[in-house]
Amino acid sequence: MEQRIGVYVCDCGANIASTVDVPQVVEFAKGLPGVVIAREYKFVCSDPGQDIIKKDIKEQKLNRVVISSCSPRLHELTFRRTLASVGLNPYLMEMANIREQVAWVTENKELATQKAKALVSAAVKRVSYHQPLEIREVSMNPNTLVVGAGIAGIQAALEIANSGHKVYLVEREPSIGGHMAQLDKTFPTLDCSA
Ligand code: SF4
């Protein structure tokens, strides 16, 4: 199937645009294989920003999308939903993080723009290999095994148990508590560590 990729480069207000030459990145993206449209927008995650993407998917018949903005941790789900809302498989999307990994780590505009172009180019290449995916549910045993009953193991076991799951906490020593249990008192409250 012919690749029809849309690229959206976000300014994030001044967060990205003050360090990365966004119009230059957009022009660069337009020349990449499979890219049929590339745009700059101030806040791509806003409703008007997402509407632009939806409109392009419908009118330009896009079958892949690259969002060049912040970390996927922040908005990957947002943009997956954007695609899904107009009937495009949500996994036919790739993000290039030009905020945390570019704009926020240098003041050198030229190098930042170069790196942003490299990340956009990589994302366009990568998205061209994406396949539509479907979410499947499988039955599983939610019981959890925590190995090691030091302070971290105990805390992990308690948190999992408090969220309603059965936990097996195993320890190779005869007693739990690890190094913590060997201490007398802890700073600054002088609590007995055991
Ligand atoms: S998509 Fe990310 S980079 Fe763009 S405006 Fe929203 S938070 Fe900022």
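In case you missed it, the structure is sitting above this.
Keep in mind that what you see is a predicted model, and the values were worked out from it rather than measured.

Caption draft 1: Inspection of the site of the ligand at higher detail. Residues in contact with the ligand, as listed here, are Cys10, Cys12, Asn15, Phe43, Val44, Cys45, Ser69, Cys70, Leu74, His75 and Arg99. Considered class by class, the residues forming the shell around the ligand number seven nonpolar, three polar and one charged.

Caption draft 2: Summary view of the sheet that holds strand 1 (residues 5-10). In space, the four strands of this open sheet follow the order 2-1-3-4, with parallel pairing throughout. Either end of the sheet is taken by a strand with one partner, and the two such strands are strand 2 (35-41) and strand 4 (93-97). Here the average twist between neighbouring strands, direction ignored, is 15°. Across five bridges, strand 1 lies against strand 3 (residues 64-69) in parallel orientation. From the neighbouring strand, Ile5 faces strand 3, where its bridge partner is Arg64.

Caption draft 3: Structural detail: the packing of helix 2 (residues 22-30) against helix 6 (residues 109-128). Contact geometry for helix 2 and helix 6: axes closest at 10 Å, N-to-C directions at 35°. In this structure, helix 2 crosses over helix 6, and the sense of that crossing is right-handed. From helix 2, Gln24, Val25, Phe28 and Ala29 reach across to helix 6, where they touch Thr113, Ala116, Lys117, Val120 and Val124. Looking at side-chain class alone, the contact of helix 2 with helix 6 contains six nonpolar, two polar and one charged residues.

Definitions and limits used
- Residues numbered from 1 in each chain as written.
- Predicted model: local features only at pLDDT ≥ 70, side-chain atom pairs only at ≥ 80, totals over all residues.
- Near = placed C-beta within 6 Å.
- Nonpolar A, V, L, I, M, F, W, Y, C, P; charged D, E, K, R; others polar.
- Pairing = 2+ DSSP bridges.
- Helix = DSSP H or I, 4+ residues; strand = E, 2+ residues; numbered from the N terminus.
- Axes fitted to C-alpha atoms, helices over the stretch in contact; angles between N-to-C directions.
- Left-handed = near helix turned anticlockwise from the far one by under 90°.
- Contact = placed C-beta atoms within 7 Å.

Coordinates in, geometry out; function isn't part of it.
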